[in-house]
Amino acid sequence: MNFRKLISTSPPDTVWQIDQRMAVVVHRNRRGEDRCGAAELPPDLFEVGPVGIQAIDREQLGAVLAPLKERAGGGRRAAVVIPTSWVRTFLLEGEDLPRRQSDLDDVVRWRLKKLLPGAPSDIRLVAAMQPPWGDRRQVLCITAPGRAMNDLEGAFEAIGVWPGLILPRLFALSLAPGIGEVARVVVQQEETMLSLLVIFRSGIRLIRTKLLPTAGGALPGVEREMGLGLTYIREQLGITALLDCIISAADAETNAGLTDWLNSQEGVETRGLLSDACSDPALAGLVGSARLAPIAAVLAGGAP
């Protein structure tokens, strides 16, 4: 699971998107034409707990992936987008953060040992130092249970696909091409979780995930959390630049309501995401923009 790898290599031509309900693949050939496929997944394929993905039935998953690969084609290397709720993300600060990657991983595991969903030695970890910002030294950490990630990779390897990049939807969306020297804000809601990511001066400056109430619809909770988030961005982080907001919600009503609310805020600009990664209108409607937009962003190969 290497988030940094994408921003230093050419964009992949094949992107998969996996969640509890559906598997989607899009392959873009040299002529820029997309071939896509999708299939619903059985409900007992994944075990997801309060700390993220716990286990994956690699044989069942591989059986669903194989005909999709035959339909869409693509090479042996691909990117895989997974739900943000499957991983845990942290942004650590401190003067004791070493510069050597091996030392950095050890320090991060030690500092996160009370927060990690399992023994530190059993956790898949990505730790990436962020560009300097004033006197702050920050490291981005993405963690997931190692067994589940091994099962995910094993299911793909069984059909002849080697994931060169596995990343959560939140980070996939952040790769959409930007609009200049502004602060990028990615707001992503999937079912009962809201995720917020802020990128400023080429580095990730804020990550926040919040469970939403299951009653009363998602929009009131999303608006409340975004109000707190905007206040923190302006007052605590001191970011006064225009906020370029990318929005991706699990349902159209929440997406439209949040867009209207953010457009009413001072110093905020929202824009639609490309979700044209599937040229089949019927299939695209079935898959939905919440799945296609992260795929399109990775295929576009932008960088935060």
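Each value, and the rule that gives it
By convention here, each chain's residues receive numbers from 1 onward along its written sequence. Per-residue local features are limited, in this predicted model, to residues with pLDDT of at least 70; the limit for side-chain atom pairs, both in listing and counting, is 80 or more; totals at the level of whole chains, interfaces and linings are taken over all residues. Calculated side-chain values reflect all of the structure's heavy atoms, with hydrogen atoms and water omitted. Between any two strands, pairing holds if DSSP finds at least two bridges. Per the convention used, a helix needs a DSSP run of H or I reaching at least four residues, while a strand needs a run of E reaching at least two, with both numbered from the N terminus. In this description, a line fitted to the C-alpha atoms serves as the axis of each element, helices being fitted only across the stretch in contact, and the angle between N-to-C directions of two axes falls anywhere from 0 to 180 degrees. Whether two residues are in contact is decided by their heavy atoms: any pair within 4.5 Å suffices. Expected span of a helix: the number of residues minus one, times 1.5 Å. Under the scheme applied here, a residue whose accessible area is under 20% of the maximum for its type counts as buried, over 50% as exposed, and between as partly exposed, the area being computed with a 1.4 Å probe on protein chains only.

**What to know about the sheet that holds strand 9 (residues 138–145)**
The antiparallel open sheet is built from 3 strands, whose spatial order is 7-9-8. Each edge of the open sheet carries a strand with a single partner, namely strand 7 (88–93) and strand 8 (123–129). Taking the axes of each pair of neighbouring strands and ignoring which way they run, one obtains an average angle of 20 degrees across the sheet. Pairing of strand 7 with strand 9 involves 6 bridges; the strand directions are antiparallel. From the neighbouring strand, L91 faces strand 9, where its bridge partner is L140. Across the sheet, helix 3 (residues 101–112) is in contact with strand 7, strand 8 and strand 9; its angle to strand 8 comes to roughly 120 degrees. Lying on the sheet, helix 4 (residues 146–157) is in contact with strand 8 and strand 9; it crosses strand 9 at an angle near 75 degrees.

**Describing the sheet that holds strand 3 (residues 34–40)**
Pairing is mixed in the open sheet, where 5 strands are placed in the order 3-2-1-6-10. The open sheet has two edge strands with one neighbour each: strand 3 and strand 10 (162–168). The mean angle between the axes of side-by-side strands here comes to 20 degrees, regardless of whether they run parallel or antiparallel. Helix-sheet contacts for helix 4 involve strand 1 (14–18), strand 6 (77–82) and strand 10, and the interaxial angle to strand 10 is about 135 degrees.

**Side note on helix 4**
Across its 12 residues, helix 4 extends 16 Å between first and last C-alpha, which sits within 8% of the 16 Å expected from 1.5 Å per residue. Within helix 4, 9 of the 12 residues are buried, which leaves it mostly tucked inside the rest of the structure. Within the span of helix 4, buried status applies to G146, A148, M149, D151, L152, E153, G154, A155 and F156.

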